[in-house]
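Each chain is listed here by its residues.
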Protein chains: 2
Amino acid sequence: MGAQKRYNCAVEVTVDLIGGKWKPVILAQLKKGVHRYGELRRLMPATSEKMLIQQLRELEADNLVERTVFDTVPPQVEYRLTEEGWSLVPVLTAMFEWGTKRADRVDIELPG
Amino acid sequence: MGAQKRYNCAVEVTVDLIGGKWKPVILAQLKKGVHRYGELRRLMPATSEKMLIQQLRELEADNLVERTVFDTVPPQVEYRLTEEGWSLVPVLTAMFEWGTKRADRVDIELPG
DNA sequence: CCGCATCCAACAGGATACTG
DNA sequence: CAGTATCCTGTTGGATGCGG
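Residues numbered from 1 in each chain as written. Chains lettered and ligands numbered in written order. Predicted model: local features only at pLDDT ≥ 70, side-chain atom pairs only at ≥ 80, totals over all residues. Heavy atoms only, no water.

Caption draft 1: Quick look at the overall build of chain A. Of the regular secondary structure elements, chain A holds 6 helices and 3 strands. Viewed in the frame of its principal axes, chain A has a C-alpha envelope of about 45 × 45 × 25 Å. Each of the 112 residues in chain A was classed as buried or not, and the buried ones make up 42%. Within chain A, contacts between residues separated by at least 24 positions form 43% of all contacts whose residues are at least 6 apart in sequence. Looking at chain A as shown, the accessible area adds up to about 6,200 Å², and 51% of this sits on carbon and sulfur atoms. Of the charged side chains in chain A, 16 are positive and 16 negative; the average position of the first set lies 3 Å away from that of the second. (Helix = DSSP H or I, 4+ residues; strand = E, 2+ residues; numbered from the N terminus. Buried < 20%, exposed > 50% of the residue type's maximum accessible area, 1.4 Å probe, protein only. Contact = heavy atoms within 4.5 Å. Areas by Shrake-Rupley, 256 points an atom, 1.4 Å probe, with all protein chains shown as cover. Lys, Arg positive; Asp, Glu negative; His and termini not counted. Charge placed at Lys NZ, Arg CZ, Asp CG, Glu CD.)

Below, the structure is given as structure tokens:
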């Protein structure tokens with residue numbers, strides 16, 4: 001176990017886990033609260049189904065997100081942050097706040 | 001001006017600018033101080049010349065990094081954060097600290 | 001020393017159609 | 001509702017060699 005990969009900087013570890021286009025966005029949404037699959041889809045309309053489910057699976061494998069299935073009809077699946085996921089909040093918050101300020105400076109429109 | 005692209009979340013703006021495998025690492029290195037090109041290469045041995053120069057150019061174009069050329073023999077080029085780049089420090093710090101703790105939890109070795 | 005040019009492999013990501 | 005399966009494309013990233 002451990003030591004499968006070589007990192008020269010702690011930042012690389014973080015990038016390896018939450019890098020990519022969508023993971024930070026998914027986590028930021030889940031930071032606001034538990035969400036069903038369909039809710040996430042609506043919150044992230046630019047993401048394809050494939051990417052969303054794929055990234056969710058990877059986040060689950062890395063123990064950052066927890067998936068709960070309710071055996072109902074119709075099916076219901078909830079996603080929430082794990083404790084490890086919650087530990088990412090400072091990163092997510094910093095990214096959200098910087099993005100907000102940058103959007104303001106460069107005149108980018110953001111919803112809400 | 002502005003409004004070239006559609007974002008549904010402020011986090012997407014940040015990912016768009018400092019996403020990818022190397023930009024956060026480059027910025028984290030420059031946060032520690034001004035560095036020459038060769039120094040960055042040694043600090044990031046896993047990066048190819050092509051990627052390093054390419055990412056530096058993009059960071060420069062986005063006004064996060066400033067490039068200074070000294071007309072000497074041999075040539076000397078310094079890279080430093082711009083004011084806009086410095087505004088990213090909370091993000092970089094959060095990523096560094098989370099990576100450090102995660103490495104500790106999962107038993108990953110980090111230099112220094 | 002600080003790059004650029006070229007070629008190539010791998011993977012992240014997107015479009016579409018289908019299923020329990 | 002919550003996914004799967006398949007196919008396809010663009011970007012990321014690596015290797016190598018050359019140039020001011």
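Having seen the structure, we can now continue with the description.
Caption draft 2: Fine view of the relation of the copies chain A and chain B. Between chain A and chain B, which share one sequence, the superposing operator has a rotation angle of 180° and an axial displacement of 0.0 Å; the RMSD is 0.0 Å. What we have between these two chains is a two-fold relation. (Least-squares fit on C-alpha atoms with pLDDT ≥ 70 in both.)

Caption draft 3: A look at the nonpolar core. Leu-27, Leu-88 and Val-91 of chain A together with Leu-27, Val-65, Leu-88 and Val-91 of chain B are the most contacted members of the largest nonpolar core, which totals 62 residues. Contact partners of Leu-88 of chain A, with chain neighbours within four places excluded, come to Ile-18, Leu-27 and Leu-64 of chain A together with Trp-98 of chain B. (Core = buried A, V, L, I, M, F, W, Y, C linked by side-chain atoms within 4.5 Å.)

Caption draft 4: Region of the structure containing the protein's contact with DNA strand C. Residues in contact with DNA strand C amount to 20 residues; listed here are only the nearest, Lys-21 and Lys-50 of chain A together with Ile-53, Arg-57 and Arg-67 of chain B. Within 4 Å of the protein, the contacting atoms of DNA strand C are 58% sugar and phosphate, with bases supplying the remainder. Contacts to DNA strand C include Arg-57 of chain B, whose side-chain N or O atom sits 2.9 Å from a phosphate oxygen. Tyr-79 of chain B is positioned with one of its side-chain polar atoms (N or O) 3.0 Å from a phosphate oxygen of DNA strand C. (Near = heavy atom within 4 Å. Polar contact = N/O pair within 3.5 Å; in protein donor to acceptor, adjacent residues only side chain to side chain.)

Caption draft 5: Examining empty space enclosed by the protein more closely. Using the criterion set out here, one finds 1 cavity of 30 Å³ or more in the structure. Taken as a whole, the largest cavity holds about 130 Å³ of empty space. Lining the largest cavity, in full, are Val-15, Ile-18, Gly-19, Gly-20, Pro-24 and Met-95 of chain A together with Val-15, Ile-18, Gly-19, Gly-20, Pro-24 and Met-95 of chain B. Breaking the lining of the largest cavity down by element, the ones donating at least two residues are helix 1 (10-18) of chain A together with helix 1 (10-18) of chain B. Here the residues of the lining of the largest cavity sort into 8 nonpolar, 4 polar and no charged. (1 Å grid on protein atoms, 1.4 Å probe; cavity = no way out; pocket = protein on both sides within 12 Å on 5 of 7 lines; lining within 4 Å. Points joined across faces, edges and corners; volume = space filled by probe spheres on them. Nonpolar A, V, L, I, M, F, W, Y, C, P; charged D, E, K, R; others polar.)

Caption draft 6: Looking closely at the protein's contact with DNA strand D. Residues in contact with DNA strand D amount to 18 residues; listed here are only the nearest, Ile-53, Arg-67 and Tyr-79 of chain A together with Lys-21 and Lys-50 of chain B. Within the side chain of Arg-57 of chain A, a nitrogen or oxygen atom sits 3.1 Å from a phosphate oxygen of DNA strand D. Between DNA strand D and Pro-75 of chain A, the relevant distance is 3.1 Å, taken from a sugar or linking oxygen to a main-chain nitrogen or oxygen of the residue. Elements that contribute at least two residues to the surface near DNA strand D include exactly helix 3 (37-43), helix 4 (49-61) and strand 3 (76-81) of chain A together with helix 4 (49-61) of chain B. The class makeup of the residues in the surface near DNA strand D is 9 nonpolar, 2 polar and 7 charged.

Caption draft 7: The arrangement of the packing of helix 2 (residues 23-31) of chain A against helix 4 of chain A in detail. Residue and element names in this part refer to chain A. Axis separation between helix 2 and helix 4 bottoms out at 10 Å; the angle between their running directions is 75°. Classified by the interaxial angle, the pair formed by helix 2 and helix 4 is roughly perpendicular. Residues Lys-23, Ile-26 and Leu-27 of helix 2 pack against Leu-52, Gln-55, Leu-56, Glu-58 and Leu-59 of helix 4. (Axes fitted to C-alpha atoms, helices over the stretch in contact; angles between N-to-C directions. Parallel < 35°, antiparallel > 145°, perpendicular 65-115°, else oblique.)

Caption draft 8: Examining the side chain of Glu-12 of chain B more closely. Inspection of the secondary structure puts Glu-12 of chain B in helix 1. Residue contacts for Glu-12 of chain B: discarding those within four places in its chain leaves Trp-22 and Val-25 of chain A together with Arg-6 and Tyr-7 of chain B.

Caption draft 9: Inspection of the interface of chain A and chain B at higher detail. Each partner contributes to the interface: chain A provides 44 residues, whereas chain B provides 45 residues. Here chain A packs against chain B, burying approximately 3,900 Å² in sum over the two surfaces, 67% of which is carbon and sulfur. On the surface where chain A and chain B come into contact, there are 4 salt bridges. With a closest N to O distance of 3.0 Å, Glu-84 of chain B and Arg-105 of chain A form a salt bridge. Of all the secondary structure elements, the ones that give two or more residues to the side of chain A that touches chain B are helix 1, helix 2 and helix 6 (89-106) of chain A. Sorting elements by how many residues they give to the side of chain A that touches chain B places helix 6 of chain A first, with 11 residues. For the side of chain A that touches chain B, the per-class residue count stands at 27 nonpolar, 8 polar and 9 charged. (Buried area = accessible area lost by both parts, 1.4 Å probe. Salt bridge = Lys/Arg side-chain N within 4 Å of Asp/Glu carboxyl O.)

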